Amino acid sequence: MKTLAAHLDGFQPKTALVLGSGLGGLSALVDVDLRIPYSEIEGFPESKVSGHTAELVCGSIGSHRVVILSGRVHYYESGNPAAMRKPISALNDVGVKRLILTNSAGSVNKDMAPGSVMQIKDHINFAGTSPLIGEPTDARFVGLTTAYDKGMRKTFRTIAEREEIEIHRGVYMWFGGPNFETPAEIKMARRMGADAVGMSTVPEVILARFFGMDVAAFSVITNFGAGMTGNELGHDETKEWAPVGGAKLARLIEATLKEGF
Ligand code: HPA
């Protein structure tokens, strides 16, 4: 077992990408130099959620050096909101400045159907916990006024327009999961100003801001929220629909990393 820095042995990625449920296909974007199973990296927990892999992929997109976290652990797997602290801290240690997070999410917005991609512009922490609980230093008082970096948001939008990739912009509301929401919760989410609901990402955003990284985040919409259609929700729907929006998001991330940053 080695640290991430020891594995990378001088390879210096500026950008890291975290792949959400069913979005493992995005790792095909990379000219791969190195694949490291999480089981061989100190502090990298393995997700046991189906549809998630557990490896770090290092390589390049164009001339841009990246690491891809193909798989993440979720709050609902252990009840620990800081489950991703060690991996994000290790990325910071090797010089990663930008974290791009992706997730699968439910839409609470009738105009945003399964297969859509939403750029997250802000979030609501409805799970009500924080990965910084227990952090003893004043650094725990992290400001989140500009959690989602404005410059990166603009670059992604400009390139999406040019490449004619439709992206929505909206607010992501974090529910702890692993159960899906009720129809009443989905109505509440909409009234509170959410556009999408999901079970991840918010703790990673808080951790990345704690370490001083710039953050961009995207939701791939896999379903309408509970009660918005006649269907019952389940994980199969997430796995089935994630690749549809995932393909659009892959095109956007590839074009942006090749020229935007
Ligand atoms: N709710 C919460 N998380 C999700 C959903 C949902 O409807 N779809 C995919 N992840």
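Details of the structure are given in the entry above.
Residues numbered from 1 in each chain as written. Predicted model: local features only at pLDDT ≥ 70, side-chain atom pairs only at ≥ 80, totals over all residues. Heavy atoms only, no water.

A. Layout of unusual backbone geometry. The omega angle of the peptide bond from Gly177 to Pro178 is 0°, so this bond is cis rather than trans. Following the sequence through the fold, Pro178 ends up in the loop between β7 (168-174) and α5 (183-191). We note that Asp9 has phi near 50°; this positive angle belongs to a residue other than glycine. Take Asp9: its relative accessible area is 67%, and that puts it in the exposed class. Even without a glycine there, the phi angle at Thr201 is positive, about 70°. Within the secondary structure, Thr201 sits in the loop between β8 (196-198) and α6 (202-210). (Helix = DSSP H or I, 4+ residues; strand = E, 2+ residues; numbered from the N terminus. Buried < 20%, exposed > 50% of the residue type's maximum accessible area, 1.4 Å probe, protein only.)

B. Main features of α6. When you tally the buried positions in α6, you get eight out of nine residues, the bulk of the element. Within α6, burial applies to Val202, Pro203, Glu204, Val205, Ile206, Leu207, Ala208 and Phe210. Against β1 (15-19), α3 (85-93), β5 (98-107), β6 (117-125), β7 and β9 (214-224) lie the buried residues of α6. One or two residues past the end of α6 sits Gly212, with phi positive at roughly 85°. (Contact = heavy atoms within 4.5 Å.)

C. Highlighting the pattern of salt bridges. Within this structure, the stated rule accounts for seven salt bridges. Between Arg85 and Glu135 there is a salt bridge; the shortest N-O distance is 3.0 Å. Here the residue Arg85 occupies a position in helix α3, and Glu135 occupies one in the loop between β6 and α4 (150-163), the gap between them amounting to 50 residues. Judged by its relative accessible area of 26%, Arg85 is partly exposed. Through salt bridges with shared partners, a single network forms among Arg162, Glu163 and Glu259. (Salt bridge = Lys/Arg side-chain N within 4 Å of Asp/Glu carboxyl O.)

D. Examining the environment of Leu34 more closely. Tracing the backbone through its elements, the reader meets Leu34 in strand β2 (residues 31-37). Look at Leu34 and you get partly exposed, because its relative accessible area is 33%. Each C-alpha atom, one on Leu34 and one on Gly59, is 6.7 Å from the other, the two residues being 25 residues apart in sequence. Setting aside residues no more than four positions away along its own chain, Leu34 makes contact with His7, Leu8, Leu56, Val57 and Cys58.

E. Layout of the site of the ligand. Ser104, Ala105, Gly106, Phe180, Glu181, Val197, Gly198, Met199, Thr222, Asn223, Leu233 and Thr238 make up every residue found near the ligand. Between the ligand and the protein, one listed contact pairs a nitrogen atom with a backbone N or O atom of Ser104 at 3.3 Å. Contact with the protein chains removes 96% of the 260 Å² of surface that the ligand exposes when unbound. Class assignment for the residues of the shell around the ligand results in five nonpolar, six polar and one charged. (Near = heavy atom within 4 Å. Polar contact = N/O pair within 3.5 Å; in protein donor to acceptor, adjacent residues only side chain to side chain. Areas by Shrake-Rupley, 256 points an atom, 1.4 Å probe, with all protein chains shown as cover. Nonpolar A, V, L, I, M, F, W, Y, C, P; charged D, E, K, R; others polar.)

F. Region of interest: the packing of aromatic side chains. A full pass over the atoms with the stated rule returns five aromatic pairs. Consider the rings of Tyr38 and Phe44, whose centres lie 5.4 Å apart with planes at 55°: the pair is tilted. Like Tyr38, the residue Phe44 is buried in the burial classification. With centroids separated by 4.9 Å and ring planes inclined at 80°, the aromatic side chains of Phe156 and Phe218 adopt a geometry described as edge-to-face. Taken as a pair, Phe156 in helix α4 and Phe218 in strand β9 lie far apart in primary sequence, 62 residues in all. Here Phe156 matches Phe218 in class, with each residue buried. (Phe/Tyr/Trp six-rings, centres within 6.5 Å; stacked < 30°, edge-to-face > 60°.)

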